[in-house]
Amino acid sequence: MARRIMYVQLKTGYDTDRGPSWITWVQFSKTWRTAYTRGRTLRRWPGMVAGNFYDVETGEEFWVSGPKRDRTDGRYSRAQPEVAEDARAPYERFLRGAALPGREHG
């Protein structure tokens, strides 16, 4: 499974990018259709209203994407995501210009 540091935001129950968000490790299945993070199993599903993944147990929608170096991950919010402790050091190196783990070659 591929393991990447990603930006993850809960969309369900929050108005326009106001849900809690995290910079955290996400593991992806071989097909990249299933993601595992923070004790949740997320699946891709086309046609969702706000997210690009949903939680298979709760149905909540999430947005999962690569983090941005300029920290503008939330489209309409300036709120900063919580950074998982085990992702902090590589994320901070990324902010200073290094590649994210697993993305050294693109």
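Residues numbered from 1 in each chain as written. Predicted model: local features only at pLDDT ≥ 70, side-chain atom pairs only at ≥ 80, totals over all residues. Heavy atoms only, no water.

1. Brief notes about unusual backbone geometry
Although it is not a glycine, Trp32 sits at a positive phi angle of roughly 65 degrees. Assessed through its relative accessible area of 32%, Trp32 is described here as partly exposed. A positive phi angle is found at Arg38, which is not glycine, with a value near 50 degrees. Taking relative accessible area as the criterion, Arg38 reaches 45% and is therefore assigned partly exposed. (Buried < 20%, exposed > 50% of the residue type's maximum accessible area, 1.4 Å probe, protein only.)

2. Re the pairing of strand β4 (residues 40-44)
Here strand β3 (residues 34-37) runs beside β4; their pairing, made up of 4 bridges, is antiparallel. Residue pairing across strands places Tyr36 opposite Thr41, the latter belonging to β4. The turn linking β3 back onto β4 is made up of 2 residues, and Arg38 within it adopts a positive phi angle of 50 degrees. Pairing of β4 with strand β5 (residues 53-55), which is carried by 3 bridges, proceeds in the antiparallel orientation. Paired with Arg44 across the bridge in β5 is Phe53. (Pairing = 2+ DSSP bridges. Helix = DSSP H or I, 4+ residues; strand = E, 2+ residues; numbered from the N terminus.)

3. Looking at the nonpolar core
Counting residues in each nonpolar core, the largest one holds 11 residues, listed as Met6, Val8, Leu10, Trp22, Val26, Phe28, Ala35, Leu42, Phe53, Phe62 and Val64. Listed by contribution, the elements that provide at least two residues to this core are β1 (2-10), β2 (21-28) and β6 (61-65). When residues no more than four places from it in sequence are discounted, the contact partners of Met6 are Trp22, Ile23, Thr24, Val26, Phe28, Val64, Ser65, Gly66, Pro67 and Arg103. Counting 10 residues, the second-largest nonpolar core is a separate cluster that includes Ile23, Tyr91, Phe94 and Leu100. (Core = buried A, V, L, I, M, F, W, Y, C linked by side-chain atoms within 4.5 Å. Contact = heavy atoms within 4.5 Å.)

4. What to know about the confidence of the model for the chain
Any region with low pLDDT has predicted coordinates that should not be read closely. On average, the chain scores 91 in pLDDT, and the residues at 70 or more come to 98%. Taken element by element, the chain is modelled with least confidence in β6, mean pLDDT 94, and with most confidence in β3, mean pLDDT 98. (pLDDT = per-residue confidence, 0-100.)

5. Focus: the pattern of salt bridges
With the rule as written, the count across this model stands at 4 salt bridges. Arg40 is the salt-bridge partner of Asp55, the closest N and O atoms lying 2.6 Å from each other. Taken together, the positions of Asp55 in strand β5 and Arg40 in strand β4 put the pair 15 residues apart, joining distant regions of the chain. With a closest N to O distance of 2.8 Å, Glu60 and Arg40 form a salt bridge. Here the residue Glu60 occupies a position in the loop between β5 and β6, and Arg40 occupies one in strand β4, the gap between them amounting to 20 residues. One salt-bridge network, in which partners are shared between bridges, spans Arg40, Asp55 and Glu60. (Salt bridge = Lys/Arg side-chain N within 4 Å of Asp/Glu carboxyl O.)

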